[in-house]
Amino acid sequence: MASYMNVELMASAVNVFVQNPCPELGASFLSRITFWWITGLMVIGYKRPLEEKDLWSLNTEDKSEKVTLYSPKRAAKGEKKEGQPIEESEILLAKTLQKTGEPSLFCALCRTFGPYFLVSSLYKIIHDILMFVGPEILRLLIQFVNDSSAPTWHGYFYTTLLLVCTCVQTLILQKYFHVCFVTGMRLRTAIVGAVYRKALVITNAARRTSTVGEIVNLMSVDAQRFMDLITYINMIWSAPLQVILALYFLWQNLGPSVLAGVAVMVLMVPLNAVIAMKTKTYQVAQMKSKDNRIKLMNEVLNGIKVLKLYAWELAFKDKVSAIRESELRVLMKTAYLGAVSTFTWVCAPFLVALSTFAVYVLVDDHNILDAQKAFVSLALFNILRFPLNMLPMVISSMVQTSLLFPTHPAPDSIRIVDGAFSWSKHDSPTLKRINVRVPEGAFVAVVGHVGSGKSSLLSALLGEMQKQEGSVSIKGSVAYVPQQAWIQNATLKDNILFGREAKDSWYEKVVEACALLPDLEVLPGGDLTEIGEKGVNLSGGQKQRVSVARAVYCNCAVYLLDDPLSAVDAHVGKHIFEKVIGPQGLLQGRTRVLVTHGLSFLPQADLILVMVDGEITEMGSYTELLGRQGAFAEFLRTYASTEQEEVEESVGGEAGLLVSELLSCVKLSVFWEYMKAIGLPLSIFSIFLFFCHHLSSLGSNYWLSLWTDDPVINNTQPNREMRLGVYGAFGLTQGIAVFCYSVTVSVGGILASRYLHQTMLYNVLRSPMSFFERTPSGNLVNRFAKETDTIDTVIPSIIKMFMGSMFNVLGSCAVILIATPLVAIIIPPLGLLYFFVQRFYVASSRQLKRLESVSRSPVYTHFNETLLGTSVIRAFGEQQRFIRESDGRVDHNQTAYFPSIVANRWLAVRLEFVGNCIVTFAALFAVMARDSLSPGIMGLSISYALQVTTSLNWLVRMSSEVETNIVAVEKVKEYGDTEKEAEWRLEHSTLPAGWPTTGHIEIRNFGLRYREDLELAISDISVNIEGGEKVGIVGRTGAGKSSLTLGLFRIIEAAQGEICIDGVNIAKLGLHELRSRITIIPQDPVLFSGSLRMNLDPFDGYTDEEVWRALELAHLKNFVSGLPDKLNHECSEGGENLSLGQRQLVCLARALLRKTKILVLDEATAAVDLETDNLIQSTIRTQFEDCTVLTIAHRLNTIMDYTRVLVLDKGHMAEFGSPSNLIAKKGIFYKMAKDSGLV
């Protein structure tokens, strides 16, 4: 969801709140208990698809600000702690964390939601008692049929009583559920709010322990778990109550032989409990694999460009598949366990009945099993079945919910005296002996080599690092510009305003000073251009400038700038320095701390800090330090001649970030697809097994009714052993069928989900880059997380329940028809009513579900964005605004969720009414036909009718569940139909083995565009580059330099012309054949979490010696051999535990390892200090001497000794020749060289 849409939706939501209050408040009592007040919305939903504007606003007591339980607690803690010295509170924390991690959350929830929730317990008690009225009335009815002298009005009276009771029961139960769900909804709001607020204060060390993916999971999946738990929690006391009542009535009916049945049930409970515990351990294992898989997918999707450039997709596809396979193995085990538990669940009531009846008739010859005893007992056993099975489930789901994470303290500190800092409590300090005093308004420059701790120093000032000793303080508000710009998915202007109010004159000054005016002219919507996720449609330099502009705009007292000038061209850097940072800039008089590699700015600094290995070795002004002849003077002399120049590229085309949601009905084809994924023979076999099971279940009960009608001779029934044997045999058949269908459905589900996940993974990796720029990564991750999870675990069990309840309903109708054929008049109209009500409901329900899921994504997208930018948000002190924004999004999501709960209740009331009618008519016709009916058949008919209501309920719930969940299959399949890149490998490849051998590149009339509807980004480029030539490519921002490399790697296909390498047209090759034979060192050094070795060589194609050799040439050997795990050193997500410069060197090592004839350097030395830059350049000169090297240059001095230079301007070739000729020409190149002080 693009955020400007959200902004609009938010705005419209705010108006809606006023215009559209929830009708519940004004509804009458009758309308409330029958949920009549939602009918208006349902009618709209039936006539046309529901939209945002139709939804009611949230009731005030459901809104975030009312519900969230975070802030008051935080404040109370904060006040207590201020007074204590740090160490003491640390100790306290260590203690409290162990003890009160989860109870504290639980208590908070109880305090907040307890009172409202208690109301629901009251409803539940009334309902539980009413449940037992049904069997009692059944007893009276059978008695009435047996006793022909009873007056007829008794029968009609019992029937009416039955109707009234069942209806009251329905209304009370639905009211109970409504209360539960509303509590659950508030609970989710509260938890999401708490997690969000937590994320803004969490320390870096704590962040390290869990990746962004895991934290988002916590918010989405676990908050949902809590909601589900709420409906179950009352079962803890209600289940025992139901069991006790049922046993009391059974004892009245059958006497002590009930104990046999109870014994069977009691045996079942530990069995179910064991299964639940086992399932639990498997679930944890599966969650672990799932987390790992999502984490890996997240990185693959974030680094997809790099994977494509290196042709590494297959290696990562295999990695993901390996995790997936282990996940499926666990799922398989869960499936077998599930089969056992289904078996116990379905067969328990039968076994109980069998054992009870067997004991009853065998204990004493005079015990006669008549209809009254048999069927009243059956009805009671049916009631018993539910609570006994629920208990283990409730217990296990409570266990699952208790696994929530503990809270971490928020650091609150910043003047540095004897400071030592580390990234987490237990690391050795990264920064040691830091003493800095910066007077107000001073301009401080921090210099030093890669990895010397410059960025860490800023993090320490921001409180992002753990302070191990000393003290830090900062006076006034802080603005921070990180090394890698953080851009939000919002308009360019919003990114700069960052929630401050817009002051036009100041805004224009800032934009001008940050050199953003030329960019605004280029962008399609000026400063209202929508920026994609992570700023995909801005170039590196533009992102950096926006980041600087945001800081300048907010007008703070202290500015911490982490090398913002490295990612911009030299002339732009100069402009920004003069207009913004320097003594005459917009920020004059503010305190500025600038980390920099550019030497030209140093003379203007008031104070220079020189850092080496995490310590400040020298400090003083430029002249002082030069006079000292220390490390600094040395550092300067080496690099005095060099200057920083950097050019970057603008990715054209605004990523179309709008998500189109499907509105169609779920098509039958999706079910067909799913059946094909399972395999048709298996699907049909499963259905056959279902049929067998229900047939034998009907058979056994019919047999029972015949048995009870056996004539009584001398106070005994003669052939009861035979009756009992056959009854048992029916039961056995039933058991076998149940077990088999449970296994086949689960196994089928797993086969299907393996197939669907594999195809989706392959299809996504085959998509072109443009697909990833258009599709927010959140959506993709969702497909791999939520939808895949649904297909894995939810769909098979839902299909089982759906089939079960469908056959139950059909069976019940069949029995009632056999008993009282007159019902045939009633069933069709009731069936029609039922069908209509359900269709009517599904229309609205599906729209509400969709609206809910469409508005759910933004909550997580925003959360994801926040996690990536916490340091920026905290530095600007903007937490409150982000919390408000998050709350707004959660409320917006709940406005769609609330009607869907109510709609469920509305449906249930109406459907149970249909069920109650069936019961009543079955009883009524039985009373009318009392003379021709045997008591056995009547008992059978009514005891089945009593079950109809629950079966109908289940059937509807399950059919709508099946429909809503099968959407997951549809969503997973839809990526099969998106556009794909060219083939990776061609069938009959004619490529010679060592191609390219010379590295001769010929570009003829080449041009490409980013999208069909845009103009050419570069056009008519014709260049002939001999093998082994070194060619520099230069040009101002947006001239098309990166576009050229994208064309060379076919990330974007040519729109005109062609490129030939060694005489082979690259358009005729498989993508992997091309991409694996040429090498690029990309601008953003991307690493994946995994071992260092895996990052260099994911296919394991090289020996360790070769890898070490590459590391040595990349000047990383000392660093790597110093690590405890050497090559197996684990890189964290995105390689965060290496400095930017080290990551750049790792990319160099990758190139050295592949050693192909053509090397492309894309802005590869942007954030590297001059020394490392020289290392890289000299390595490339020596190691790639006989290779063709294309460098997209940013500092002209690196390419002054190249054979030729290609100058691009606005996508056309402006100049091409040797550097000396071009300077003599006095053209564009000469101007650029002059800007960098080389001429």
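Residues numbered from 1 in each chain as written. Predicted model: local features only at pLDDT ≥ 70, side-chain atom pairs only at ≥ 80, totals over all residues. Heavy atoms only, no water.

(A) Summary view of the overall build of the chain. On a plain count of helices and strands, the chain comes out with 41 helices and 21 strands. For the chain, the residues scored as buried account for 57% of the 1239 residues in total. Surface exposure of the chain reaches about 49600 Å², of which carbon and sulfur atoms provide 61%. (Helix = DSSP H or I, 4+ residues; strand = E, 2+ residues; numbered from the N terminus. Buried < 20%, exposed > 50% of the residue type's maximum accessible area, 1.4 Å probe, protein only. Areas by Shrake-Rupley, 256 points an atom, 1.4 Å probe, with all protein chains shown as cover.)

(B) Broad picture of the sheet that holds strand β8 (residues 607-612). Reading across from one edge, β5-β6-β7-β3-β8-β9 is the order of the six strands in this open sheet, with mixed pairing throughout. The open sheet terminates on both sides in strands that have one partner only, identified here as β5 (478-481) and β9 (615-620). In this sheet, adjacent strand axes meet at a mean angle of 15° when their direction is disregarded. One ladder, built from four bridges, connects strand β3 (residues 443-448) with strand β7 (residues 591-595); its direction is parallel. Note on β7: the bridge partner recorded for F443 is R592. On the sheet, helix α20 (residues 540-553) packs against β5 and β6 (558-562) and is oriented at approximately 175° with respect to β5. The sheet strands contacting helix α21 (residues 570-581) are β3, β6 and β7, and the helix crosses β7 at an angle near 160°. (Pairing = 2+ DSSP bridges. Axes fitted to C-alpha atoms, helices over the stretch in contact; angles between N-to-C directions. Contact = heavy atoms within 4.5 Å.)

(C) Spatial organisation of the UniProt feature "transmembrane region" (unreviewed entry) in the chain. Mapped onto this numbering, the UniProt entry annotates "transmembrane region" (unreviewed entry) at residues 229-251, 257-277, 334-362, 374-395, 677-704, 724-752, 809-837 and 907-929. In residues 257-277, the share of helix is 95% and the share of strand is 0%. The end C-alpha atoms are 32 Å apart. Each end of residues 677-704 is marked by a C-alpha atom, and these two atoms are 42 Å apart; helix forms 96% of the span and strand 0%. (UniProt positions renumbered as here; feature names shortened; annotations may be inferred.)

(D) Main features of the pattern of salt bridges. Applying the stated criterion across every chain yields a total of 29 salt bridges. Note that R1093 is salt-bridged to D1097, the shortest N-O span being 2.9 Å. Like D1097, R1093 is buried. A cluster of three or more residues bridged by salt bridges with shared partners is formed by R293, R324, E327 and D792. (Salt bridge = Lys/Arg side-chain N within 4 Å of Asp/Glu carboxyl O.)

(E) Molecular detail of the nonpolar core. Core analysis: the largest hydrophobic core is formed by 115 residues, its most contacted members being F316, Y674 and V1034. Top contributing element to this core by residue count: helix α38 (residues 1140-1154), with eight residues. Residues in contact with Y674, not counting those within four places in the same chain, are G749, A752, L756, I791, I795, P796, I799, I966 and V969. Ranked by size, the runner-up nonpolar core spans 104 residues in total, among them A27, M185, I816 and I827. (Core = buried A, V, L, I, M, F, W, Y, C linked by side-chain atoms within 4.5 Å.)

(F) Highlighting the side chain of S120. By the secondary structure assignment, S120 is in helix α6 (residues 86-131). Ignoring sequence-local partners within four residues, the contact set of S120 consists of Y176, V179, C180 and N234.

(G) Spotlight on a nonpolar patch on the surface. A cluster of nonpolar side chains, namely Y156, L822, I825 and M928, defines an oily patch on the protein surface of about 380 Å² accessible area. Counting through the fold element by element, Y156 comes out in helix α8 (residues 152-201). Since its relative accessible area comes to 36%, Y156 is described here as partly exposed. (Patch = residues over 30% accessible without salt bridge, like charges linked within 9 Å, V, L, I, M, F, W, Y side chains within 5 Å.)

(H) Spotlight on the sheet that holds strand β20 (residues 1204-1209). Read from one edge to the other, the open sheet built from six strands follows the order β15-β18-β19-β12-β20-β21, with strand pairing classed as mixed. Taken across any chain shown, the strands that pair with only one partner, and hence form the sheet edges, are β15 (1079-1081) and β21 (1212-1217). Each adjacent strand pair in this sheet contributes to an overall mean axis angle of 20°, direction not counted. Direction of pairing for β15 relative to strand β18 (residues 1158-1162): parallel, over a ladder of three bridges. If you follow T1079 over to β18, its bridge partner there is L1159. Contacts between α38 and the sheet are confined to β15 and β18, with β15 contributing the most and set at about 165° to the helix. Sheet contacts for helix α41 (residues 1228-1235): β12 (1030-1034), β20 and β21; angle to β20, the most-contacted strand, approximately 100°.

(I) Layout of the packing of aromatic side chains. Tallied over the entire structure, the rule returns 29 aromatic pairs. Between the aromatic rings of Y46 and F840, the centroid separation amounts to 5.0 Å while the plane-to-plane angle is 50°, which identifies the pairing as tilted. Through a chain of ring-to-ring contacts, the aromatic side chains of Y46, F836, F840 and W906 assemble into a single cluster. Over the ring of Y507 we find K493; its NZ or CZ atom is 4.8 Å from the centre of that ring. In this structure, R550 is placed above the aromatic ring of F498, and the distance from its NZ or CZ to the ring centre is 5.0 Å. (Phe/Tyr/Trp six-rings, centres within 6.5 Å; stacked < 30°, edge-to-face > 60°. Lys NZ or Arg CZ within 6 Å of the ring centre and 35° of its normal.)

(J) Geometry of helix α36 (residues 1104-1113). Residues V1107, A1110, L1111 and L1113 constitute the buried set of α36. Projected down its long axis, α36 carries its buried residues within an arc of 165°, all on one side. (Arc of directions from axis to C-beta.)

(K) The side chain of H757, seen in detail. Here H757 lies in helix α26 (residues 720-766). Residue classification places H757 among the buried positions, given a relative accessible area of 2%. Engagement of the side chain of H757 in a polar contact is seen with the side chain of R293, the distance being 3.3 Å. (Polar contact = N/O pair within 3.5 Å; in protein donor to acceptor, adjacent residues only side chain to side chain.)

(L) Just the packing of helix α25 (residues 680-708) against α26, in detail. Following both chains from N to C, one finds α25 and α26 inclined at 160°, their axes separated by 8 Å at the closest point. Between α25 and α26, the angle is such that the two are roughly antiparallel. Judged by the sense of rotation from one axis to the other, the crossing of α25 with α26 is left-handed. Tallied by class, residues from the contact of α25 with α26 come to 20 nonpolar, eleven polar and two charged. (Parallel < 35°, antiparallel > 145°, perpendicular 65-115°, else oblique. Left-handed = near helix turned anticlockwise from the far one by under 90°. Nonpolar A, V, L, I, M, F, W, Y, C, P; charged D, E, K, R; others polar.)

(M) Structural detail: α21. Regarding α21, the residues found buried are A570, V572, G573, I576, F577, V580 and I581. When α21 is viewed along its axis, its buried side chains cluster within an angular range of 155° and face the same direction. In this fold, the buried residues of α21 make contact with β3, α18 (504-513), α20, β6 and β7.

(N) Inspection of the environment of L301 at higher detail. One can find L301 in helix α12 (residues 258-302). Its relative accessible area of 7% is what places L301 among the buried residues. Sequence-distant contacts of L301, that is, excluding residues within four places in its chain, are made with V764, F772, S777, L780 and V781.

(O) Region of the structure containing the pairing of β9. Pairing of β8 with β9 involves five bridges; the strand directions are antiparallel. In the sheet register, M611 faces β9, and the bridge partner there is I616. Between β8 and β9, which pair antiparallel and follow one another directly, the connecting turn spans two residues, one of which, D613, has a positive phi of 50°.

(P) Structural context of the packing of helix α14 (residues 313-363) against α26. Direction vectors running N to C along α14 and α26 enclose 165°, while the axes themselves pass 9 Å from each other. The angle between the axes of α14 and α26 places the two elements in the roughly antiparallel class. Here α14 and α26 pass one another in a crossing that is right-handed. Partitioning the contact of α14 with α26 into residue classes produces 29 nonpolar, twelve polar and seven charged.

(Q) Here's a closer look at the environment of Y1202. Structurally, the position occupied by Y1202 is in the loop between β19 (1188-1192) and β20. For the pair Y1202 and L1190, spaced twelve residues apart in sequence, the C-alpha separation works out to 9.7 Å. For Y1202, the contacting residues outside a window of four places in its chain are K1030, V1031, G1032, Q1177, V1189, T1191 and P1219. Polar contacts involving the side chain of Y1202 include one to the side chain of T1191, which spans 2.9 Å.

(R) A look at the state of the cysteines. Enumeration over the complete set of coordinates arrives at zero disulfides. The thiol of C165 is unpaired, and the distance to the nearest cysteine sulfur, on C167, comes to 9.4 Å. No disulfide involves C740; its sulfur sits 9.5 Å from the nearest other cysteine sulfur, which is in C692. (Disulfide = S-S within 2.5 Å.)

(S) Quick peek at the confidence of the model for the chain. The share of residues in the chain with pLDDT of 70 or more is 86%, and the mean pLDDT across the chain is 78. Note that residues 1-18 has pLDDT below 50 and, in this model, 31 contacts with residues that lie over four places away or in other chains. Across residues 404-414 the pLDDT falls below 50, and counting only partners more than four positions away or on other chains, this stretch makes 31 contacts in the model. (pLDDT = per-residue confidence, 0-100.)

(T) Molecular detail of the environment of Y248. For Y248, the location among the structural elements is in helix α11 (residues 235-254). Sequence separation of Y248 and V258 is ten residues, and the distance between their C-alpha atoms is 9.8 Å.

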